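One letter stands for each residue in the lines below.
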Amino acid sequence: MDAPVIDLLQLYPRDMNIYGDWGNVLVLRKRLALRGYEVRLHEYNPGDTFPEQVDLIVGGGGQDSGQNKIQADLLAQGGRLRDLADDGLPMLAVCGLYQLFGHRFTTHTGEVITGIGLLDVETVGGPTRLIGNTVLDSDEFGTIIGYENHSGLTTLGAEVQPFGRVTKGDGNNGTDGTEGARYRNVIATYLHGSLLPKNPAVADFLIRHAAERRYGSFNDVPLDIPHESEARTDAAARPR
Amino acid sequence: MKAVARLRGGGSALPGLVAEKIDPQFLPRTLGKLPRGVVVISGTNGKTTTTKMVVELLQGQGLKVFTNRTGSNFTRGVVASVLGDSDARGRLDADIAVLELDEAHAVHFVKLVRPRYSLLLNVMRDQLDRFGEIETTAGFLRQIAAATTDAVVLNREDPRILALANAVTAPRIDYFGLAPQLRHMFPHDDEMRNAVAAGVPGAEAAGTGGGQPEGPRADVVLSACEGSAATFQVDGRGIEVELKLTGVYNVFNAAAALVLARTVLGPAVDEPALLASLENVTPAFGRGESLTVNGQPLDLVLVKNPAGFRLALKSFPAAGSRTMIAINDNYADGRDMSWLWDVDFDSLRETGVAEVSGVRAQDMGLRLFYEDVPVGRVDTDLNASLHRFIADDPDTPKRIYCTYTAMLALRRELGKLTEVEVVS
């Protein structure tokens, strides 16, 4: 019998892939494979044809130049991505894509970059970069460990929940203690490091919803990944 | 002013700081007197080795060369080096200064002293937690290019370096480059994901790869590189050399050094002497250093960013060697571990990695697990790992990929082993 297939789409890997976003894809693919799924990996770059079957979407951060390259295309795909999110498709948007999933990003020079409004968040460019090891607390995922590096300051609207509460680091804006945003099965965050290798609960949330949405069930085999918990402990103990 | 130099202790910046405060014109005045001016070398990867090469190439042509000591690539460090080397009247006995400068600090330096020549090597993701973004770093190099008065030497193969040409105000730009068949060895950061995807079974979308236009004519092109043997195309002539440097990135930097030396020397260049000097250059401290332990070679390979790590893995075949990786995340290494996820480790799958160590050994172990690379031991205790690494398989050549502070610690520990002999 053929293994069930999960179609995993990377959004804009050419222009929005920095700070180890590839690690998130590697982890999703491996954790799915270990549970008997075959992963079909798709890349979507500006101008490409959007694949017909998509079960899980991941996208990362980019330099400002990368954001400029994808913005028009992202706006053109906005309706489709909003519909998929509302339909429960799991997505992970890190850093730059998190910002562009919001309503708008106003840079520190006053330029307004329109986002797709998939998330009820808004970002303004800040005067300094918020950088360093970061630890969050989440009811949904437990302790979340990552590394933040952003100058945008993001404020959450009423339609989204925070991804976590900062126990170390600055988070969305350095003031309200929130980090990232949650909406339906969408997770958006400033955390990289990469995020998923050291946060298996988050990876499995995405995988579970991808499988359940497509097949109605998830083959939830517990995984024992070497060095995973030790890497979490060591990272959490490092200086900012 | 000379008395200030005696303040120098372990660190190199303190006397520089004092001199800077007492006499801000010290550096421009002293370096401004040099008959052949100042050369600035900057970029993310390869500064130290390239500077060493340029210094030795120019010395081989009979020039007296002043250079800054390793680790003092900040303005204050340069002031300290100048203080240490100048006579009682503040004169530097040199024809030319060749200075390795950190990108951000080079910007301050060129405001004080306009270089006659500059060599800009590459812009890679490196310690983004310090500079924020790669474009910021490119902006620093742009200011160096703009401040240079006579000639700027640029890497034709790095799109961000190539783009600096329009900032150059000097009358001359010279390029170093790679022949098309070698370009795949140097995927740029922007192409990295496609390079990674190319090796991924099941990846559906093809990378864009290749298709890069030829670009401007390069003065020196690296056209072949096999171990320590290299062929350069110089003015359309193929020149074969046998270097003491290994690693294709070091050899590419040799092309950069050749262009710069030829630019500085002009028609007076003694080419046979130039090539002889090049063949004698040994790696800089910690950059591909080769030690001998128990009669077996032990190579220390410094890795500090994804591009450098990928190049190093491509340069040194894993087969026949025992491999160790040591990853620290101290300030000088960069605290962010994300970069490890952008390095392709599949070349280590066959041999595996005997020891994974350093402060972030567990992160590295996790990274290798997700790449299906077998790992012997993961241990944050660097010295314990090192001793096991040597003792468990004494009769095999060894290679350690290490971050900067891990390398310093490993060297200290290796120095305690009486059987360690520094061979180069």
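What comes next is a walk through the structure.

The rules behind the values
- Counting from 1, residues in each chain are numbered in the order their sequence is written.
- The lettering of chains begins at A and the numbering of ligands begins at 1, in the order of writing.
- Selection of residues for local features in this predicted model requires a pLDDT of at least 70, selection of side-chain atom pairs for listing and counting requires 80 or more, and totals for whole chains, interfaces and linings are taken over all residues.
- Remark: hydrogens and water are excluded; side-chain values derive from all non-hydrogen atoms of the structure.
- Each helix is a run of H or I in the DSSP string that is no shorter than four residues. Each strand is a run of E no shorter than two, and both are numbered from the N terminus.
- The reference for a compact globule is 2.2 Å times residues^0.38; the radius of gyration itself is calculated from the C-alpha atoms.
- Note on classification: 1.4 Å probe, protein chains only; a residue is buried when its accessible area is under 20% of the maximum for its type, exposed when over 50%, partly exposed between these limits.
- In what follows, a contact means two residues having at least one pair of non-hydrogen atoms within 4.5 Å.
- Here the Shrake-Rupley method, with its probe set to 1.4 Å, supplies the accessible areas, and only the displayed protein chains count as covering residues.
- Note on charges: Lys and Arg go in the positive column, Asp and Glu in the negative column, and His and the chain ends are not counted at all.
- Every charge is mapped to an atom, namely NZ of Lys, CZ of Arg, CG of Asp or CD of Glu.
- Angles here are taken between N-to-C directions and fall from 0 to 180 degrees, while the axes themselves are lines fitted to C-alpha atoms, restricted in helices to the stretch in contact.
- Here a crossing is taken to be left-handed if its near helix is turned anticlockwise relative to the far helix by less than a right angle, and right-handed if that turn runs clockwise.
- Three classes are used: nonpolar for Ala, Val, Leu, Ile, Met, Phe, Trp, Tyr, Cys and Pro, charged for Asp, Glu, Lys and Arg, and polar for all others, with Gly counted as polar.
- Computed with a 1.4 Å rolling probe, the buried area is the accessible surface lost when two parts are put together, summed over both parts.
- Throughout this description, the term salt bridge denotes a Lys or Arg side-chain nitrogen within 4 Å of a carboxyl oxygen of Asp or Glu.
- Here a polar contact means two N or O atoms within 3.5 Å. Within protein one must be a hydrogen donor candidate and the other an acceptor candidate, and residues neighboring in sequence count only if both atoms are side-chain atoms.
- Paired strands, in this sense, are two strands between which DSSP finds at least two bridges.
- What counts as a ring pair is set by centres within 6.5 Å for rings of Phe, Tyr and Trp (its six-membered ring), and what kind of pair is set by the plane angle: stacked under 30 degrees, edge-to-face over 60, tilted for all other angles.
- Counted as over-ring charges are cases with an Arg CZ or a Lys NZ within 6 Å of the ring centre that also lie within 35 degrees of the ring normal.
- Working definition: roughly parallel below 35 degrees, roughly antiparallel above 145 degrees, roughly perpendicular at 65 to 115 degrees, and oblique for all remaining angles.

### Some words on the overall build of chain A
Check the secondary structure of chain A and you find five helices and twelve strands. Taking 2.2 N^0.38 as the reference for a compact globule, 240 residues should give roughly 18 Å; the C-alpha atoms of chain A span a radius of gyration of 17 Å, in line with that estimate. In terms of overall dimensions, chain A has C-alpha extents of about 55 × 45 × 30 Å along its principal axes. Buried residues in chain A amount to 61% of all 240 residues. For chain A, restricting intrachain contacts to residue pairs at least 6 apart in sequence, the fraction spanning at least 24 positions comes to 69%. As displayed, chain A has an accessible area near 8,800 Å², and 46% of this comes from carbon and sulfur atoms. Of note, chain A has its 22 positive side-chain charges centred 3 Å away from the centre of its 32 negative side-chain charges.

### Describing the packing of helix α11 (residues 248–265) of chain B against helix α12 (residues 271–280) of chain B
Axes are the key here: two packed helices are described by the angle between their axes and the distance separating the axes. Residues and elements named next belong to chain B. Two elements in contact, α11 and α12, have axes whose closest approach is 12 Å; the angle formed by their N-to-C orientations is 145°. The two elements α11 and α12 meet at a crossing, and its hand is right-handed. Side by side, α11 and α12 meet where A254, L258, A261, R262 and L265 of the first sit next to E271, L274, L275 and L278 of the second. Classifying every residue of the contact of α11 with α12 by side-chain character gives seven nonpolar, no polar and two charged.

### Structural notes on the interface of chain B and chain A
Listed per partner, the contact involves 40 residues of chain B and 44 residues of chain A. Here chain B packs against chain A, burying approximately 3,700 Å² in sum over the two surfaces, 54% of which is carbon and sulfur. Our count for the chain B to chain A interface comes out at three salt bridges. Notably, a salt bridge pairs K198 of chain A with D363 of chain B, separated by 2.5 Å at the nearest N-O pair. Between the two partners, chain B and chain A, sit eight residue pairs in polar contact (both at pLDDT 80 or more). Among the elements of the structure, α7 (128–131), α8 (134–147), α10 (192–198) and α14 (361–370) of chain B are those that each provide at least two residues to the side of chain B that touches chain A. Element by element, the count of residues in the side of chain B that touches chain A is highest for α14 of chain B, at seven residues. Along the lines of polarity and charge, the residues of the side of chain B that touches chain A split into 15 nonpolar, nine polar and 16 charged.

### Here we look at the sheet that holds strand β4 (residues 117–120) of chain B
Residue and element names in this part refer to chain B. In space, the nine strands of this open sheet follow the order β2-β3-β1-β4-β5-β6-β7-β8-β9, with mixed pairing throughout. Only two strands of the sheet have a single partner each, and these edge strands are β2 (65–67) and β9 (237–242). Averaged over all neighbouring strand pairs, the angle between strand axes comes to 20°, with direction disregarded. As paired elements, strand β8 (residues 229–234) and β9 share six bridges and run antiparallel to each other.

### Concerning the pattern of salt bridges
Where charged atoms of side chains with opposite charge meet at close range, the side chains can pair. According to the stated counting rule, one finds 36 salt bridges over all chains in the structure shown. A salt bridge links R35 of chain A to D204 of chain A, with the shortest nitrogen-to-oxygen separation between them at 2.8 Å. Placement of the pair is R35 of chain A in the loop between α1 (22–33) and β2 (38–44) and D204 of chain A in helix α4 (residues 200–215), with a sequence separation of 169 residues. The same class applies to R35 of chain A as to D204 of chain A, namely buried. Several salt bridges share partner residues, and in doing so they unite K198 and R238 of chain A together with D329, R360 and D363 of chain B into one network.

### Topic: the pairing of β4 of chain B
Residues and elements named next belong to chain B. The alternating pattern of β4 places Y117 and L119 and S118 and L120 on opposite faces, both of which are buried. Sheet topology places β4 next to strand β5 (residues 151–155); four bridges connect them, and they run parallel. Bridge pairing in β5 links L119 to V153.

### Description of the environment of G157 of chain A
Residues and elements named next belong to chain A. Mapped onto the fold, G157 is located in the loop between β8 (142–156) and β9 (164–168). By relative accessible area, G157 is classed as partly exposed at 26%. Residues G157 and G102, spaced 55 residues apart in sequence, show a C-alpha to C-alpha distance of 9.8 Å. Setting aside its immediate chain neighbours within four residues, G157 contacts D120 and V121.

### As for the packing of aromatic side chains
To describe a pair of aromatic rings, one takes the distance between the centres and the angle between the planes. Applying the stated criterion across every chain yields a total of twelve aromatic pairs over all chains. Note on F141 of chain A and F205 of chain A: the rings are 5.3 Å apart at their centroids and 90° apart in plane angle, and the pair reads as edge-to-face. With F141 of chain A in the loop between β7 (121–138) and β8 and F205 of chain A in helix α4, the pair connects residues that are 64 residues apart, well separated along the chain. In this pair, the class of F141 of chain A matches that of F205 of chain A, namely buried. On the numbers, 5.2 Å between centres and 90° between planes, the contact of F309 of chain B with F345 of chain B is edge-to-face. Taken as a pair, F309 of chain B in helix α13 (residues 306–315) and F345 of chain B in the loop between β12 (322–326) and β13 (353–357) lie far apart in primary sequence, 36 residues in all. Each member of the pair, F309 of chain B as well as F345 of chain B, is classed as buried. Chaining the aromatic ring pairs together yields one cluster made of F309, W339, F345 and Y401 of chain B. Its guanidinium or amino end placed over the ring of F369 of chain B, K30 of chain A lies 5.4 Å from that ring's centre, counting from NZ or CZ.

### Focus: the sheet that holds β2 of chain A
All names here are of chain A. Pairing is mixed across the open sheet formed by six strands, whose spatial order is β2-β1-β3-β4-β12-β11. Either end of the sheet is taken by a strand with one partner, and the two such strands are β2 and β11 (181–183). Taking each pair of neighbouring strands and ignoring which way they run, the sheet shows an average axis angle of 15°. The sheet contact formed by strand β1 (residues 5–11) and strand β3 (residues 56–59) spans four bridges and is parallel. Note that in β3 the partner of Q10 across the bridge is V58. Packing of α4 onto the sheet brings it into contact with β1, β2, β3, β4 (91–94), β11 and β12 (186–189), and relative to β1 it is tilted by some 125°.

### Thoughts on the pairing of β12 of chain A
Residue and element names in this part refer to chain A. Alternating positions in β12 separate into two faces, V186 and A188 on one and I187 and T189 on the other, with burial throughout. Across four bridges, the pairing between β4 and β12 is parallel. Looking at β12, one finds that M91 is bridged to V186. Where β11 and β12 come together, three bridges link them in antiparallel fashion. The residue bridging R182 from the neighbouring strand is I187, located in β12. Hairpin connection, β11 to β12: the antiparallel pair is bridged by two residues, and R184 has positive phi, about 45°.

### A closer look at the packing of helix α15 (residues 382–391) of chain B against helix α16 (residues 404–416) of chain B
Residues and elements named next belong to chain B. For the pair α15 and α16, interaxial distance at closest approach is 10 Å and the crossing angle is 60°. By the angle class used here, α15 and α16 are oblique. Handedness of the crossing formed by α15 with α16: right-handed. Between α15, through L382, N383, L386, H387 and I390, and α16, the contact on the second element is made entirely by A406, A409, L410, E413 and L414. Looking at the contact of α15 with α16 residue by residue, the class counts come to seven nonpolar, two polar and one charged.

### Considering α13 of chain B
Taking burial as the measure, the ten residues of α13 of chain B include nine buried ones, the bulk of the element. Where α13 of chain B is concerned, the buried positions are P306, A307, G308, F309, R310, L311, A312, L313 and S315 of chain B.

Without other data, these values stay purely geometric and don't point to any function.
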